[in-house]
Amino acid sequence: MALKDAKAGTRNEAGIAAVLGILKQSFGERFQTGQSFREQHAHTTTYIPPQLPDGVLFAESAEDVKVAVRACATHKVPVIGFGVGTSLEGQVNAANGGISIDFSRMNRVLEVNPEDLDCTVEPGVTREALNIHLRDTGLFFPIDPGANASIGGMASTRASGTNAVRYGTMKDNVLAVTAVTANGEEIRTARRARKSSAGYDLTRLFVGAEGTLGILTSVTLRLQAIPQKIAGGACAFPSIKAACDAVIMTIQMGIPVARIELLDTVQMRACNAYSKLSYAESPTLFLEFHGTDETVPLQSAAFAEIAAECGGGEFLWTANAEERTKLWKARHDAYWAARALAPGLAALSTDVCVPISRLADCVSETQADIEEHGLLGPIVGHAGDGNFHVLLLFDDKSAEDIAMAESFVQRLNRRALDLDGTCTGEHGIGQGKMAFLEQELGGAVDLMRQVKQALDPDDIFNPGKIFQHG
């Protein structure tokens, strides 16, 4: 994380003025240039300073997107896609000015194919709205990044979340996209077949590109059957290592756990205070099992044996929906509980991911780092895939505190890379992690630049993100 990477680029003032006129004439009240609209479409979820677009288009169709992209391409003006604005690394900032395309009105479920377990949606559909729509089909979309993010935004940042250990991430659950490219035309990257050997895998190229290669206009998704039975449970451990050992044994034994979340002692203390709970204030695993009336009790019992072998306390689990919700309350309220530890401070949410065999080392060393430097940073982890988050609380008005926060994030990312991990498991690169991408992938970033140059030679799609163009 470095504020220097969130720098403003060169503005094309003449081109921006021309595009503002074209889009106002084309879209009327659906194109807004007022200060409040612009502020709502800049980055606000971390301490990265907001960089406002010059105008906001509320697109209602793929045709609207094509019109906007053609105007921006003609006049070499940046265009940035906007879902609901929950990205964490500056992805929706307008670093060079330009036009923000808001997808909140492109929120239709276009097609559901229950027999094939797939659906196609517009990019503005949120994950919660999609699952409400699917409820009567007996299917659901399993990717849950926590926030009620838009499907287009989730695809663009290659999001994942608590269910990833069983159902994978967005890259595993997107079958195809349609996207408007730099010539203003819409392309489709694949059909609905579950596998294909036909040419380059363009779907994976757009998933995770953070809007730097084109603007998504639809996403085709894999769906899953709603489990017959769901059980949840929690278990405290004497140490991070003991909890992580239980995670490793669970994965290695092939127990099909759906969620396995790790909360450290500081986070558990915060959750107890915020949610009026009485959990043990020690490293704790929260688990969820999906299956049948027969398999879920077996899975739960198998984990209880592993927990006992690793020194864990009693494994409390339930299949009752109301009790399960109460049991998981600590995990669901973790963000707000952590914020409540220091209400006057800003919060920086950052994540890394390492091989699960190194998770205990990475978390333990990170805790020691936090303590050594007198920082406040509860830890929550998607332990089943080696991904964890630190919510660092600090004074964003203090240059000294900002420097300490940035220095901590640098050490955290270096630690993950030294363990053959990644600088981000699910937040993406955006503006905040560009320096770490270079450290992680080296010369491969130059190849990314070549791809960007080939598909977007004038750098109109979300410039200043992932890497500096040119």
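Residues numbered from 1 in each chain as written. Predicted model: local features only at pLDDT ≥ 70, side-chain atom pairs only at ≥ 80, totals over all residues. Heavy atoms only, no water.

## What to know about the overall build of the protein
Looking only at helices and strands, the protein has 18 helices and 18 strands in total. Taking 470 residues into account, the globule formula puts the C-alpha radius of gyration at 23 Å, and the protein, at 22 Å, falls close to it. Counting only C-alpha atoms, the protein reaches 65 × 55 × 40 Å along its principal axes. Put simply, 72% of the contacts in the protein that link residues at least 6 apart link residues at least 24 apart. As displayed, the protein has an accessible area near 19,200 Å², and 52% of this comes from carbon and sulfur atoms. (Helix = DSSP H or I, 4+ residues; strand = E, 2+ residues; numbered from the N terminus. Rg over C-alpha atoms; globule rule 2.2 N^0.38 Å. Contact = heavy atoms within 4.5 Å. Areas by Shrake-Rupley, 256 points an atom, 1.4 Å probe, with all protein chains shown as cover.)

## Some remarks on unusual backbone geometry
Look at R158: it is not a glycine, yet its phi comes out positive at around 55 degrees. Here R158 lies in the loop between α5 (151-157) and α6 (164-167). On the basis of relative accessible area, R158 is assigned to the partly exposed category, the value being 37%. We note that I466 has phi near 70 degrees; this positive angle belongs to a residue other than glycine. Looking at the secondary structure, you find I466 in the segment after α18 (444-455). (Buried < 20%, exposed > 50% of the residue type's maximum accessible area, 1.4 Å probe, protein only.)

## A few points about the sheet that holds strand β13 (residues 257-263)
With antiparallel pairing, 7 strands are arranged side by side in an open sheet as β15-β12-β14-β13-β17-β18-β16. Here the strands that pair on one side only, and so sit at the sheet edges, are β15 (316-318) and β16 (346-353). Strand-to-strand twist in this sheet, taken as the mean axis angle between neighbours without regard to direction, amounts to 15 degrees. In the sheet, β13 pairs with strand β14 (residues 284-291) via 6 bridges, with the strands oriented antiparallel. What sits directly across from L262, in β14, is L285. Docked against the sheet, helix α9 (residues 240-252) engages β13 and β14, running at close to 170 degrees with respect to β13. Sheet strands touched by helix α15 (residues 359-372): β17 (379-382) and β18 (387-394). Its angle to β18, the strand with the most contacts, is close to 10 degrees. (Pairing = 2+ DSSP bridges. Axes fitted to C-alpha atoms, helices over the stretch in contact; angles between N-to-C directions.)

## Here we look at the packing of α15 against helix α16 (residues 399-418)
Across the interface, α15 lies against α16 with an axial gap of 10 Å and an inter-helix angle of 160 degrees. One way to sum up the angle between α15 and α16 is to call them roughly antiparallel. Note that α15 runs across α16; the crossing there is right-handed. Note on element contacts: α16 touches α15 through F408, R411, L412, R415 and A416, opposite C362, E365, T366, D369 and I370. (Parallel < 35°, antiparallel > 145°, perpendicular 65-115°, else oblique. Left-handed = near helix turned anticlockwise from the far one by under 90°.)

## Quick notes on the UniProt feature "domain: FAD-binding PCMH-type" (unreviewed entry) in the protein
Per the UniProt record, "domain: FAD-binding PCMH-type" (unreviewed entry) is annotated on residues 49-226. Helix makes up 24% of residues 49-226 and strand makes up 24%, while its end C-alpha atoms are separated by 41 Å. (UniProt positions renumbered as here; feature names shortened; annotations may be inferred.)

## Section: a nonpolar patch on the surface
Judged by side-chain polarity, Y200, L202, L205 and L455 come together as a nonpolar surface patch covering roughly 390 Å² of accessible area. Along the chain, the position of Y200 falls in the loop between β9 (186-188) and α8 (202-206). Among the residues examined, Y200 registers a relative accessible area of 76% and is labelled exposed. (Patch = residues over 30% accessible without salt bridge, like charges linked within 9 Å, V, L, I, M, F, W, Y side chains within 5 Å. Salt bridge = Lys/Arg side-chain N within 4 Å of Asp/Glu carboxyl O.)

## Observations concerning the pattern of salt bridges
Applying the stated criterion to the full structure yields 31 salt bridges. Ionic pairing is found between E185 and R70, a salt bridge with its closest N-O pair at 3.0 Å. Of this pair, E185 sits in the loop between β8 (174-180) and β9 while R70 is found in helix α3 (residues 62-75), placing the two residues 115 residues apart along the sequence. Classification of R70 as partly exposed rests on a relative accessible area of 31%. In this structure, D118 and R192 form a salt bridge, with 2.8 Å as the shortest nitrogen-oxygen distance. Here D118, found in strand β6 (residues 118-121), pairs with R192, found in the loop between β9 and α8; they are 74 residues apart in sequence, far enough to count as distant.

## Digging into the packing of aromatic side chains
Per the counting criterion, the structure on display carries 7 aromatic pairs. Measuring from centroid to centroid gives 6.0 Å for F37 and F58, while their planes differ by 80 degrees, and the two rings are edge-to-face. With F37 in helix α2 (residues 35-40) and F58 in strand β2 (residues 55-58), this residue pair connects regions lying 21 residues apart in the sequence. According to the relative accessible area criterion, F37 is partly exposed, its value standing at 28%. One aromatic cluster is present, formed by Y279, F286 and W328 through successive ring pairs. (Phe/Tyr/Trp six-rings, centres within 6.5 Å; stacked < 30°, edge-to-face > 60°.)

## Overview of the side chain of S150
Summarising the element assignment, S150 is placed in the loop between β7 (139-140) and α5. Excluding its chain neighbours within four sequence positions, the residues that come into contact with S150 are G83, V84, P123, G124, V125 and T126.

## Concerning the nonpolar core
Counting residues in hydrophobic clusters, the biggest one holds 54 residues, and the most contacted among them are F237, L285, L287, F289, F303, F388 and F408. Those residues in contact with L285 that lie beyond four places of it in its chain are G233, A234, C235, F237, A243, A246, V247, I260, E261, L262 and F303. Counting residues in hydrophobic clusters, the runner-up holds 25 residues, among them F141, A149, A155 and V174. (Core = buried A, V, L, I, M, F, W, Y, C linked by side-chain atoms within 4.5 Å.)

## Some words on helix α17 (residues 434-441)
For α17, the complete set of buried residues consists of M434, F436 and L437. Looking straight down α17, one finds its buried side chains confined to an arc of 155 degrees; they lie on one side. Here the buried face of α17 lies against α16 and α18. Just past α17, the residue G442 takes up positive phi, approximately 55 degrees. (Arc of directions from axis to C-beta.)

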